[in-house]
Structure formats: structure tokens, C-alpha cells
Amino acid sequence: MDKEFISFDVKTGMKNIIGRDLITDDFIAIYELVKNSYDAHADHVTLTFNENEIIISDNGKGMSKNDLKEKWFAVAYSAKKDGTEDQETKRLSHFNNLKSRRYYAGAKGVGRFSCDRLGNRLELTTTSPISNQTFRLSIDWEQFEINSKQSFVDIKIPIEEIESNISYDKDNSFGTILRISFLNSNWSENKLFQLKRSLEKLINPFSDKNEFEIEIVAKKFIEKDRERSKYQKINGTITNSILKVLDIKTTQINVSIGAEIIITKLFDRGTLIYHIEEPNQYAKTINDLEISLYFLNRSAKVNFGKIMDIEPINYGNVFLFKNGFRVQPYGDAGDDSWEIDRRKQQGYNRFLGTRDLFGKVDLITEDFNEFKEVSSRDGGLVETSGKRILFDFFYDKALKRLERYVVGVLWGEAFIRKNYFINTNEANKQRENLSKDKDKDSYEDVKKNLGSKIDFVNLIRALSDDDNVKIVDYNKELVDFVNDNLDLAQPKFINELERIAEKTNDGYLINQVKLTTENFNRILKEKEEAEHRAKEEEQKRKEAEEKAKKEEEARIIAEQKQKEAEEKKRLAELEVLKKEKERIEAELAKVKAEQKAKEEAERREKEELARKKAEKEAVLHKQQVARYKAAESVDYMDLRDSNHIIGVYSDDISKKILLLKRRVDKGKELSKNDLLNFIQGISLANEKISTITRFTTKSNYLKATLETEEDVVSYISDYIRNIYQVLYRIDILIETRNISFIKKFQPIELITAIDNILSNSRKKNASKVIFNFSLKDSDLQISIKDIGEPLSHSITDWKLIFEEGITTTKGSGLGLSHVKRIVEENLKGQITYNPNYNDGFELIITIQR
């Protein structure tokens, strides 16, 4: 059986795939058509915007009829790529004589479909100086959309030869005119202004060559342009002031990559910092590349805005140009195709971001396979080994070296991180001195900063360690250490200087190393001598103190002897006084007997007065009873609480009386002090019972329950120290932490609660009670814990201890229930037991403000 052959049939739908789908917006479409004019060796192209019409006219070499058939209408074919375009251009001596050599900006053969992106109709008029013929063709792009099954070749495009009297751009007799009508979008005033801004960056604005001009004509806005500044106009030839920005005094690095060597120069505010050369190991892939990268400090950003009338962050960052034309989106505001910001996020202060940088990467190449743009025209370069080498050049030869100087030398991050200084405080002080340098037009602070100079030495040393790097020149001011305080720095930097001197065989640096070493040794010697003098003075001081100490001891001994002599004399005098005293005491005994008789008479008189006072108090008591009977009855629970605390104090009195009786029964002798202490204790307890009983009538109870507003911490502390510890000999520790808690409260309620808690601790024979006051948020927290017996194991649920009738001591079981009621109802707080405290019993009271 014979073989049968078939072939691909390209349908009309391909028009959109290689046209509108790849040319993603109107600006990209304009760029592609301008590139075609540039590649046609035009030196001028005019973009005219009329109502529903765009005219693109250039003075390039135009096209012959054969060019139209074999090239323009050959989809995805590029004569620029296969070299035939160059062969034809060489035949045009006019272009060879008048124009410098150009590298083609486009090489995909699809840019012509940008016309379809802009409008539905295209009229192309072109004249070639070779044939001297003029041809005109018209395309209705909608014909390609009528029938999706129709083949590309079935759409017939009318072409005709016309009179060669067409005037092209700059009145040339040859060139090309594209007239696009039935536009797909409206070209407003703002859109045209944005187009102009974008076209300013289309052809390398960093170049000082001006061999290609773009002019915009929009007659609709000519009148408005007369009122605008030059930079705000829409009409006119597109210019760019970016070259003026490059004169701003800031830190910059320039890298020139040729076929054999790479030349790198770093400048800081107009002054050369270093100049190095190294071989180009990737010359087969990249042999014509220029990188200019600028660090924009605050001063440079302000000056940029004044010159360009736009902030640098809104203008862009690092642009990529291939053969003189921009590759998008590299450098667009907010774009991070270089992955600069992504890298900065990983390095914090060690790396620079797009907000800090401005510059260009300018690649000249005819290797279209290694450096081809994504077909969508705004997606950057295709991932190839050539692109990776280009990025490596940008990072290793430009960005990292600029960062190393800016972050390390200018900002001081390196000498902080690498501990160049002996003292950390001194290192921070040196870096603080650099803070104002960031915004100056000169690097004078860096020249004066010891840390920056040492870091610069390390930077140059690192470059010199690379055998491929040749140090052509470097800034001599940054290796001058003769007048610096070298004792503040680690001495190892001198070794770094010596290594650079040996590597570069630099006579000046060798002399600087010698002077620096001498200066360093002199400073060390002076420092050692100063330390030696300080040690001698310290030794003298110690000897003087020792001598003074011995003299003081001798003086003390002499004084002691004198005191002993005086003591003997005093004892003799006392013996005389003793005898005199005995005589006086005999006389006093007689006087005392007389005094006693007098006191007995006075006692009887006082008893009579006391009897009358008692009768008077009885009358008053009768009146109080009458008032009590007439008043509203006291609440049962209040009366019960009052009776309970009276019982507590009565029990104390009974115990004291019992203790006294036992001592009397055992025949123990009681001193006057013992009796006084007993009477005082009974009296104080009786006074407290009297105080409580005064509150049992409704009228007086109302006065006692009146609120007071004062410091709860101080009130409790004063009560314990001044009353409770006087009445009871119990060890109580108060930890106030010097805090204050002002609150309205009823004193009798608060003190009743405290008395009940302390009574329980005493019943358990606690050795110590600790009051701890603290603030938790806005509440007062009182921890009351004793050191003694813990809660009985028979009570499994600690919450029961606050129930009536449940007791942790030998009491009635009312005390803690009283306390809970007082805390919750009167103090508006909470009380809990801490089961985790093992040395005794702990209650925690929380009172709200």
C-alpha cells in the first residue's frame, strides 16, 4: 500500500492566538510596532492619535512587494532571526553611512499582529528605496473571525501599487505608514499621558545616544498642552531626563562586561572607592553587557523626585534592556522579577530592596535562543541557561558588591556583626556616628569612622583573596589609620592590611601598614604604661589605707585603756553613792508609809466617784435598752455574727483566767509584770467585746455599718499591728508590696472576717500567719496562709469548709461561713481555699474595686 502524506492546516483562529492573546494590552501593541520601525532602521517614528484612528509613520527602509509576500505575510517568520534582513540592509549604502550598527529588538515574527490588538482595520503603505515602488494593502481583521474552519491562506488581502509620491516621516520618500482604524479602545488624555511615560523607558533612557526619536501627535490636546509644563505635555518628541538623575551624588556600581574582562567600578558620592578587573568566564554567552546600579539614600530620592517630577518608587527600579529596547516587566513599579525584595525578606538589614535601588542592565546580543522574551511580551525572559548567567552577573558582580559596601561600610552592620571592636558599646557608638551619613552628599563621616575603615579593609582583602580579581585602584583615604584610636579595635585588622599590601604590592599601602603598626604599638605601649601607673597608684593607695587602719587600731586600744581606767574610778564613786543611796532609801521608806496612807484615802474617794459613775452608766444603759426596744429588730444573721465574735473574745478571757489560776494553784510566784500583762490582756479583750456590743442595737449598728472609703491594705495592716498583735501573741508577717487599694467598705465587716480567720489559725496552734497583698488586673488579692496543721483529710470537698456547722478546728463551725458571707455580700468579692498549699492552711480573698 502506498504512503499518503498530510500536512497541518492553520485556521483563521490562529490570528487571535498569536495576536490578541499574546499582545496583552494596548501599550505592548504600540511597543511592538515601534520596535518594527526601529528594526527597519528608522531614526524617527510618529504616533498620531485621531478620532477612532491611530497612524504610525516611520522613515525606515520600507518594504518591497517581495518583502510583503515573503516576510510580512509569513506568520511567525523573522528575517531578523535568520540573518537575511542584515543582508538586504547592507545593500542600502544610505543606511550604512548614516546610522550606527543596530541589533534587532524583535525576532518572533508576530509583532505585526499588534495592529489587530489596536483596531479592526489596517491600511499599510510602504516604499522601499531598492525597488522605488509604493504599495498599499488593506486588512479587515474581522474576516478572520467569520468562519473558524476557514484556513489562513483562504483570506485574500488586496494589495496595489500606487504613485510614489507619499511623504513619510521627516518628509522621507521611503518608509512605512500604518493606519489603524475602528479602534478597540478609547485613547483618553490620561491613557496617552501614561503611554508617553511608558515610551520614555522603551528605548534605553540611560544611553546618551539619540539615534531614534518617537513623536506623539494628538491634535485634540494641543491647546491643553500649551498650559502644561514641558514634562506634562502629551504632544511632542519623547525625551527622558533620566541622565540628569545619574549625576545625583549617591553610591553606585558600574559593571562593564566585554569579551575578555569584566571591569567593575564602585563610586560613593562621586568618589572612586575601588576599581577591579576579572576575566569573563562566560564570554561565549554574554560578551556585551553594561550594569549600572545606584543605591538611593533619602537625599538621592528627594533629588530624583525634583528632577523627574515623580518619586523613584513610582518610576521603577532596575530596568532590563536588550539591544536597546526594554524587556518588560523588569523595572516596573512594584515588580520584583529580579527577586530583589524576595531576597531582602530573607536577609533583613543585610540586603537592599527595590525601594533602595535604581539602575539598568543593558544587554547587547544576537543570541535569540538564549535571550528570548516570553511570547506574551510582558512576561520577561524565557528560562534558559543564558538568563541564569545574566542573573548571576547581576547578583554577583553588581548587587552583592554594592550591598557589601552600603550595608557593611556605610551602615556599619558588618563591623557590628563581625566584632571588629573590643567593646560592644564602642561598636554601637561608631555605628550611631554613621546614622547621619546616609543623607549627606559626601562620605566624610565614613572617612572619619574607624569601624567603616576597618570594614573597608576587610572588603578589599576579600576581593584580593580571589585570584581572578585584579585590584586596579582603591580609595587611599579609607586605609589611613595613623590618627585613629586603634586601641578600640581588634588588632587582627592590621594583618588584613598587610595581606592586601602583599597581594597588591602597593607601596603606599605598605607605608601605611608600617605607620599604622607603629601607631598601634605606640598606643599599646602608652596604654600599658598607663595601666602600670594605675596599678602603682592603686598599690600606694592600699598601703596608705593599711597604715591608716593600723593607726586606727592603735587609737582604739589607747581609748580602751583610758575607758578601763575611767571605769575603775566610776566604780569607786558608785560605792560611795551606794551607801548614800541606802541612807536615802531608809528615809524614803518612811515617806512611802506616809504616802500609802494618803493613797488609801484617795482610793476610797475614787471608789465613791466610781460608784456614782456606775449609777450614771446604769441610767444610760436603761435608756439604751428603751431605744433598742423601740427600734426595728436586728437581723438574725447580723446578731448571730456579733454573738459569735463576742464568744471568741470571751473564750480568750476564760483561757487567760484559767492559765492564771493554774499558775497560782501550782504555787508559782507571780511578778508585778506578770500581773500587769494579765490585766492588760483582759482589759483589751473586754474593750473589744464592749465595742462589738455597742453595735448590737439597731441605732448604733447603723452607725457602725456606715461605709468608709480608704486604703483596704493599710486598714488591715494597721489593725493587725496596732490591735490584734497586741492582744494575741501570734507571729504575723504582712507583705504589702507597697500597693494601695482604695474602696468603700464597712470596717466592722472587714475586721470580723479577719478576726475569724486568725482565730482559726490560733486554734490550730499555727506558728506563723502570712498576709500577702497583690493586684491582679484591677482587683485586690489577699493571700492568708498559716504554717501549721493542714486541712483535715476527713474533708474531701474543700468547698464544704464554708458551710455552717463544718469546722476545721475545735470551734462551732460558723467562722468560715461568716467570712464567706461577709466577703461575698459586703465586700463584693470571692474567697477560695488553696488545696496545693501543704505547709498549713491558705485562703485567698479577691476583692473588686
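## Quick look at the packing of helix α14 (residues 385-410) against helix α18 (residues 450-465)
At a minimum axis separation of 9 Å, α14 and α18 run at an interaxial angle of 155 degrees. With respect to α18, the axis of α14 lies roughly antiparallel. Here α14 runs over α18; the crossing is right-handed. Residues Arg401, Arg404, Tyr405, Gly408 and Val409 of α14 pack against Ser452, Asp455, Phe456, Asn458, Leu459 and Leu463 of α18.

## Concerning the sheet that holds strand β22 (residues 829-833)
Pairing is mixed in the open sheet, where five strands are placed in the order β18-β20-β21-β23-β22. Across the chains shown, the open sheet's two edge strands, defined by having one partner strand only, are β18 (732-735) and β22. Direction aside, neighbouring strands of the sheet carry axes that sit 15 degrees apart on average. Sheet topology places strand β21 (residues 779-787) next to strand β23 (residues 840-847); eight bridges connect them, and they run antiparallel. Residue pairing for β23: lysine 785 is matched across the bridge by glutamate 842. Of the strands in this sheet, β18, β20 (768-776) and β21 touch helix α24 (residues 712-727), which is tilted by about 160 degrees from β18.

## A look at the pairing of β23
Within a regular strand, the side chains alternate between the two sheet faces. Here β23 lies mainly inside the structure; seven of its eight residues are buried. Two strands pair when backbone bridges link them, and β22 and β23 are joined in this way by five bridges, in the antiparallel orientation. Its bridge partner being in β23, glutamine 830 is matched across the sheet by threonine 846. The antiparallel hairpin formed by β22 and β23 contains six residues in its connecting segment.

## Remarks on helix α8 (residues 189-200)
Three or four residues apart is the spacing at which side chains of an α-helix point the same way, because the helix has 3.6 residues per turn. Taking 1.5 Å as the rise per residue, α8 with twelve residues should run 16 Å; its terminal C-alpha atoms sit 17 Å apart, in good agreement. Among the twelve residues of α8, nine are classified as buried, and the element is accordingly described as predominantly covered. Close packing links the buried residues of α8 with α2 (26-39), β1 (44-50), β7 (213-217) and α11 (298-308).

## Section: the packing of aromatic side chains
Counting across every chain of the model gives 23 aromatic pairs. Ring geometry for tyrosine 315 and phenylalanine 319: centres 5.9 Å apart, planes at 85 degrees, overall edge-to-face. Here tyrosine 315 and phenylalanine 319 have matching classes, each one buried. By the ring-pair criterion, three or more aromatic residues cluster together here, those being Phe304, Tyr315, Phe319, Phe321 and Phe358. Above the face of the phenylalanine 182 ring, arginine 121 is positioned so that its terminal group lies 4.6 Å from the ring centre. In this structure, lysine 476 packs its charged tip against the face of tyrosine 474, placed 4.2 Å from the ring centre.

## Overview of the nonpolar core
In terms of nonpolar packing, the biggest core is built from 52 residues, with Tyr274, Phe394 and Tyr405 touching the most fellow members. Examining the composition of this core, we find that 14 residues originate from one element, α14, more than from any other. Contacts of phenylalanine 394, omitting those with residues within four sequence positions, involve Ile291, Leu293, Val318, Trp338, Ile340, Val361 and Leu399. Counting residues in each nonpolar core, the second largest holds 49 residues, with Ile30, Ile54, Phe152 and Ile216 among its members.

## So, the environment of leucine 122
Relative to the helices and strands, leucine 122 resides in strand β3 (residues 119-127). A relative accessible area of 2% means that leucine 122 is categorised as buried. Here the alpha-carbon distance between leucine 122 and isoleucine 180, two residues 58 residues apart in the chain, equals 4.7 Å. Once residues lying within four places of it in the same chain are set aside, the contact partners of leucine 122 are Trp72, Cys115, Leu137, Ser138, Ile139, Trp141, Leu178, Arg179 and Ile180.

## Remarks on the pattern of salt bridges
In total, this model carries 39 salt bridges according to the counting rule given. For aspartate 26, the salt bridge is made with lysine 191, and the minimal N-O distance between the two is 2.6 Å. Within this pair, whereas aspartate 26 is found in helix α2, its partner lysine 191 is found in helix α8, the two being separated by 165 residues in sequence. A salt bridge links lysine 35 to glutamate 32; the shortest N-O distance between them is 3.8 Å. Placement of both lysine 35 and glutamate 32 in helix α2 is noted, with a separation of three residues, approximately one turn of the helix.

## Focus: the sheet that holds β1
With mixed pairing, eight strands are arranged side by side in an open sheet as β5-β4-β3-β6-β2-β1-β7-β8. The outermost strands of the open sheet, each flanked by one partner alone, are β5 (159-162) and β8 (236-237). The sheet strands contacting α2 are β1, β2 (53-58), β6 (175-183) and β7, and the helix crosses β1 at an angle near 145 degrees.

## As for the pairing of strand β10 (residues 261-268)
Side-chain alternation along β10 places Ile262, Thr264, Leu266 and Asp268 on a buried face and Ile261, Ile263, Lys265 and Phe267 on a face that remains uncovered. Strand direction decides the pairing type here: strand β9 (residues 251-257) and β10, joined by seven bridges, are antiparallel. Looking at β10, one finds that asparagine 254 is bridged to lysine 265. Between the antiparallel neighbours β9 and β10 lie three residues.

## What about the confidence of the model for the protein chain?
Mean pLDDT over the protein chain stands at 79; residues scoring 70 or higher make up 76%. When the criterion is pLDDT under 50, residues 623-634 qualifies, and its contacts beyond four places in sequence or with other chains add up to ten contacts. Predicted confidence for residues 694-705 stays below pLDDT 50, and this span has 21 contacts to residues more than four positions away or in other chains.

## Here's the deal with the environment of glutamine 133
For glutamine 133, the location among the structural elements is in the loop between β3 and β4 (134-140). Glutamine 133 gets classed as partly exposed once you look at its relative accessible area, which sits at 28%. For the pair glutamine 133 and phenylalanine 174, spaced 41 residues apart in sequence, the C-alpha separation works out to 9.1 Å. Apart from the residues lying within four places of it in its own chain, the contact partners of glutamine 133 are Thr126, Thr127, Ser128, Glu161 and Ser164. Separated by 3.2 Å, the side chains of glutamine 133 and glutamate 161 make a polar contact.

Scoring rules and cut-offs
- Residues numbered from 1 in each chain as written.
- Predicted model: local features only at pLDDT ≥ 70, side-chain atom pairs only at ≥ 80, totals over all residues.
- Heavy atoms only, no water.
- Axes fitted to C-alpha atoms, helices over the stretch in contact; angles between N-to-C directions.
- Helix = DSSP H or I, 4+ residues; strand = E, 2+ residues; numbered from the N terminus.
- Parallel < 35°, antiparallel > 145°, perpendicular 65-115°, else oblique.
- Left-handed = near helix turned anticlockwise from the far one by under 90°.
- Contact = heavy atoms within 4.5 Å.
- Pairing = 2+ DSSP bridges.
- Buried < 20%, exposed > 50% of the residue type's maximum accessible area, 1.4 Å probe, protein only.
- Expected span 1.5 Å × (residues − 1).
- Phe/Tyr/Trp six-rings, centres within 6.5 Å; stacked < 30°, edge-to-face > 60°.
- Lys NZ or Arg CZ within 6 Å of the ring centre and 35° of its normal.
- Core = buried A, V, L, I, M, F, W, Y, C linked by side-chain atoms within 4.5 Å.
- Salt bridge = Lys/Arg side-chain N within 4 Å of Asp/Glu carboxyl O.
- pLDDT = per-residue confidence, 0-100.
- Polar contact = N/O pair within 3.5 Å; in protein donor to acceptor, adjacent residues only side chain to side chain.

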